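# Coordinate analysis (summary)
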Amino acid sequence: MRDDILEEVKNLLNLELNLYNTLRKMVSRELEAIILDGDMEKLLSILQEKQDVISQLQLLSDTWGDALPMLGLEELRGASGFWEKLSALFSEKRSAEFNQVLSKTRSAAEDLMNAEKTVQAELEKHVDHLRSRMLQVTRGRGAFINYAKLGGGYFDPGNQ
């Protein structure tokens, strides 16, 4: 097996770990926006940022799909026994390194899923308040747009 392909696989796993950790931080910010601030605009902004990271994860998934056939693996990623078969392709030393990164990635994914559940539960507790805040934000934006359309957002000192 070519070492460069195996190194790429290890790098893919490290990248996945980094993306999970990034998402985890964003989930913490979501929780803060919901519980501490009640800040709907902040929450929406974080959700948009999360979407960008989730898109990166999708691209990463596609890259995994391209790399696996080069390794001779026909199983789908995540299928029973998949990670063991992938790990067996590495030398003993590299297999230990790979398994360490895999363990961290699994742990990060599990932590992320638990944090997402916590945010979901908090959202459900605060849904009425958040709906009210979202309606205020929407109305505020609508009022500003109407104001700007009427010329309120423009001042020309030359036309007095």
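Provided above is the structure to which this section pertains.
Criteria and cut-off values
- Residues numbered from 1 in each chain as written.
- Predicted model: local features only at pLDDT ≥ 70, side-chain atom pairs only at ≥ 80, totals over all residues.
- Heavy atoms only, no water.
- Helix = DSSP H or I, 4+ residues; strand = E, 2+ residues; numbered from the N terminus.
- Polar contact = N/O pair within 3.5 Å; in protein donor to acceptor, adjacent residues only side chain to side chain.
- Contact = heavy atoms within 4.5 Å.
- Phe/Tyr/Trp six-rings, centres within 6.5 Å; stacked < 30°, edge-to-face > 60°.
- Buried < 20%, exposed > 50% of the residue type's maximum accessible area, 1.4 Å probe, protein only.
- Salt bridge = Lys/Arg side-chain N within 4 Å of Asp/Glu carboxyl O.
- Expected span 1.5 Å × (residues − 1).
- Core = buried A, V, L, I, M, F, W, Y, C linked by side-chain atoms within 4.5 Å.

## Digging into the side chain of Lys-50
Tracing the chain through its elements places Lys-50 in helix 2 (residues 40-70). Side-chain polar atoms of Lys-50 contact the side chain of Glu-30, separated by 2.9 Å. Leave out the neighbours within four places in its chain, and Lys-50 touches Leu-23, Met-26, Val-27, Glu-30 and Glu-116.

## As for the packing of aromatic side chains
Counting across every chain of the model gives 4 aromatic pairs. Ring centres 4.9 Å apart and planes at 80° place the aromatic pair Phe-82 and Trp-83 in the edge-to-face group. The two residues Phe-82 and Trp-83 agree in class, both being buried. Grouping aromatic residues by their ring pairs yields a cluster made of Trp-64, Phe-82, Trp-83, Phe-90 and Phe-98.

## Notes on the pattern of salt bridges
In a structure, side chains of opposite charge can pair up when their charged atoms sit close to one another. As enumerated under the stated definition, the model contains 9 salt bridges in all. Notably, a salt bridge pairs Glu-7 with Arg-94, separated by 3.2 Å at the nearest N-O pair. Residue Glu-7 is found in helix 1 (residues 3-37), and its partner Arg-94 is found in helix 4 (residues 92-149); the two are separated by 87 residues along the sequence. For Glu-16, the salt bridge goes to Arg-77, with nearest N and O atoms at 2.5 Å. Note that Glu-16 is positioned in helix 1 and Arg-77 in the loop between helix 2 and helix 3 (82-88), a separation of 61 residues in sequence. On the basis of relative accessibility, which here comes to 4%, the residue Glu-16 falls in the buried class. Among the ionic contacts, a cluster of salt bridges with common partners joins Glu-30, Lys-50 and Glu-116.

## Quick look at helix 2
Its 31 residues place the ends of helix 2 46 Å apart at the C-alpha level, agreeing with the 45 Å of an ideal helix rising 1.5 Å per residue. Considered for burial, the residues of helix 2 that qualify are Met-40, Leu-43, Ile-46, Lys-50, Val-53, Leu-57, Leu-60, Trp-64, Ala-67 and Leu-68. Of the residues flanking the end of helix 2, it is Gly-72, one or two places downstream, whose phi is positive at about 80°.

## With respect to the side chain of Ser-87
One can find Ser-87 in helix 3. Judged by its relative accessible area of 6%, Ser-87 is buried. When sequence neighbours within four positions are dropped, the list of residues in contact with Ser-87 reads Ser-95, Phe-98 and Asn-99.

## A look at the nonpolar core
Within the largest apolar cluster, 35 residues are counted, with the highest numbers of intra-cluster contacts made by Val-9, Leu-13, Trp-64, Leu-71, Trp-83, Leu-86 and Phe-98. Of all elements in the fold, only helix 1, helix 2, helix 3 and helix 4 reach the threshold of two or more residues within this core. The element that contributes the greatest number of residues to this core is helix 1, accounting for 13 residues. Discounting residues that sit within four places of it in the chain, Trp-64 has contacts with Val-9, Leu-12, Leu-13, Glu-16, Arg-77, Trp-83 and Leu-86.

## Remarks on the environment of Leu-112
Secondary-structure assignment places Leu-112 in helix 4. When its relative accessible area of 6% is taken as the criterion, Leu-112 is described as buried. Those residues within four positions of Leu-112 in sequence are excluded, and the remaining contacts are Tyr-20, Leu-23, Arg-24 and Val-27.

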